Structure formats: C-alpha cells, structure tokens
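Descriptive structure summary
Single-letter residue listing:
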Amino acid sequence: HQVEEVQHILTDVMFIDRGRIVLDASMEDLEARYLELAVTPDQLAAARALQPLGERAGLGRSYLIFEGVDRRRLDELGEVRAPSLADIFVARMAERQGREARRREHDMNRQHVHEIDENREQRDDRLQQDRIQKGAHRRDVAGGAVDDLAAAVLIEEAKIEVLKFGEDRGLE
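Treat the numbers as computed from the prediction; the structure is a model and nothing was measured.

The rules behind each value
Residues numbered from 1 in each chain as written. Predicted model: local features only at pLDDT ≥ 70, side-chain atom pairs only at ≥ 80, totals over all residues. Heavy atoms only, no water. Helix = DSSP H or I, 4+ residues; strand = E, 2+ residues; numbered from the N terminus. Polar contact = N/O pair within 3.5 Å; in protein donor to acceptor, adjacent residues only side chain to side chain. Core = buried A, V, L, I, M, F, W, Y, C linked by side-chain atoms within 4.5 Å. Buried < 20%, exposed > 50% of the residue type's maximum accessible area, 1.4 Å probe, protein only. Contact = heavy atoms within 4.5 Å. Pairing = 2+ DSSP bridges. Axes fitted to C-alpha atoms, helices over the stretch in contact; angles between N-to-C directions. Salt bridge = Lys/Arg side-chain N within 4 Å of Asp/Glu carboxyl O.

1. What to know about the side chain of D87
If you trace the backbone, D87 turns up in helix α5 (residues 85–142). A polar side-chain atom of D87 sits 3.4 Å from a polar atom in the side chain of R56.

2. Topic: the nonpolar core
One finds V13, F15, L23, L30, Y34 and L85 to be the most contacted residues of the largest nonpolar core, which totals 14 residues. Of all the secondary-structure elements, those providing two or more residues to this core are β1 (12–17), β2 (20–26), α2 (27–33) and α5. With residues near it in sequence (within four places) discarded, L23 still touches V13, M14, F15, L30, R33, Y34 and R92. L37, L50, F66 and V69 belong to the second largest nonpolar core, which has 12 residues in total.

3. Thoughts on the sheet that holds strand β5 (residues 62–67)
Taken together, the 4 strands give an open sheet; going across it, the order is β4-β5-β3-β6, and neighbouring strands pair in antiparallel fashion. Only two strands of the sheet have a single partner each, and these edge strands are β4 (54–57) and β6 (79–81). For this sheet the average axis-to-axis angle between neighbouring strands, irrespective of direction, equals 20°. When β4 meets β5, the two strands line up antiparallel, connected through 4 bridges. Bridge pairing links A57 to S62 in β5.

4. Details of unusual backbone geometry
In this structure, R18 is a non-glycine residue whose phi angle is positive, near 50°. Examined against the element boundaries, R18 turns out to sit in the loop between β1 and β2. Look at R18 and you get exposed, because its relative accessible area is 61%. Despite not being glycine, Q51 has its phi angle at roughly 55°, a positive value. Tracing the backbone through its elements, the reader meets Q51 in the loop between α3 (41–48) and β4.

5. Remarks on the environment of P52
Tracing the sequence through the fold places P52 in the loop between α3 and β4. Residues P52 and L64, spaced 12 residues apart in sequence, show a C-alpha to C-alpha distance of 6.0 Å. Residue contacts for P52: discarding those within four places in its chain leaves A47, L64, I65 and F66.

6. Quick look at the environment of E79
Assignment of secondary structure puts E79 in strand β6. Along the sequence, E79 and A38 sit 41 residues apart, while their C-alpha atoms lie 5.1 Å from each other. The residues contacting E79, other than those within four sequence positions of it, are E36, L37, A38 and R61. Here R61 takes part through its side chain, which lies 3.1 Å from a polar atom of the side chain of E79.

7. Re the pattern of salt bridges
Counted under the stated rule, the structure contains 8 salt bridges. Between E67 and R33 there is a salt bridge whose closest N-O contact spans 2.8 Å. Here E67, found in strand β5, pairs with R33, found in helix α2; they are 34 residues apart in sequence, far enough to count as distant. Using a relative accessible area of 33% as the deciding quantity, one classes E67 as partly exposed.

This is the structure in structure tokens:
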C-alpha cells in the first residue's frame, strides 16, 4: 500500500498484526508520540542510548524512530521531524517481532533449564539406586551380620538422602 499518498487525509490509524491491534490512534496523537531523528555516525551511539523503536541507514546518516521521547533531547543529537506513517508501521512491527523473538528465546531457555533439572534428578536417582545395590551386594558377598548391619545403614542413608532430595525441591 502507498500510505504516503493518503496519509494527509487520514484522521485515525489502526495497525493490526495477526488479528491483534498493535496501534489504534488518531493522526494527531501519532504526530505527538512519534519522532524521527536523522543523525550522523558520531551521534548514533547517543541516539541509540535513548532506545529507538526502529532504525534504518541512509547516505551518511541513520534514521531512528522514537516513541514518547522529548523532542528537545533529540534536537541536541540531530535533525528531528515527524516520521511517515509507513516508517512508524515498520518500526512498530519490527519492535513487536523483536519482542516475540525474545519471548521465544526465553521460553526455549526455560525449557532447557527444565530439561537440565530432569537430567539431574534422573542422575541422582541412578546414583541412589547404585548405592542401594552396592549395599545389597556387600551383604550378599560377605554374608555376615556385620555386613547386614552395614547394608541396613546404607539403605537408611539412602532413604534420608531421598527425603532430603524431595524436601529441597518442595516435595513432601
């Protein structure tokens, strides 16, 4: 769509992404909320520190879109003007996609941590079983009352460790 051709006659704007309203505002509100800053490379880091919604490169300049940033702060860094509706759309959609990508990455990290915890629990269970089996093996090999007592102690220690393991994880 060639929004620039009709932008001057619009009174209100709504951006919809995958059935969700991303932006619903009057054109007056957009002009008050969004600003575009053209900066030279020497001011780019300072401009980025103000957390722009979007950025695009031009010839010898970068153009950054800001939402809700005081115009006076931007005036100190470069040339400020009202962005086109298309530039606002691109910046908002890119920002939304970035948020969704970060959310997906966060979810994947949480899943990975969960898998690590499960692996740790399985390893601890195997170690516990090994200890119990070693105690039973000692009893079978020696066949004496002392070894039976040692096996019983090992089994009791294993039970205590299992209980502690459960308590550490909030299990009862």
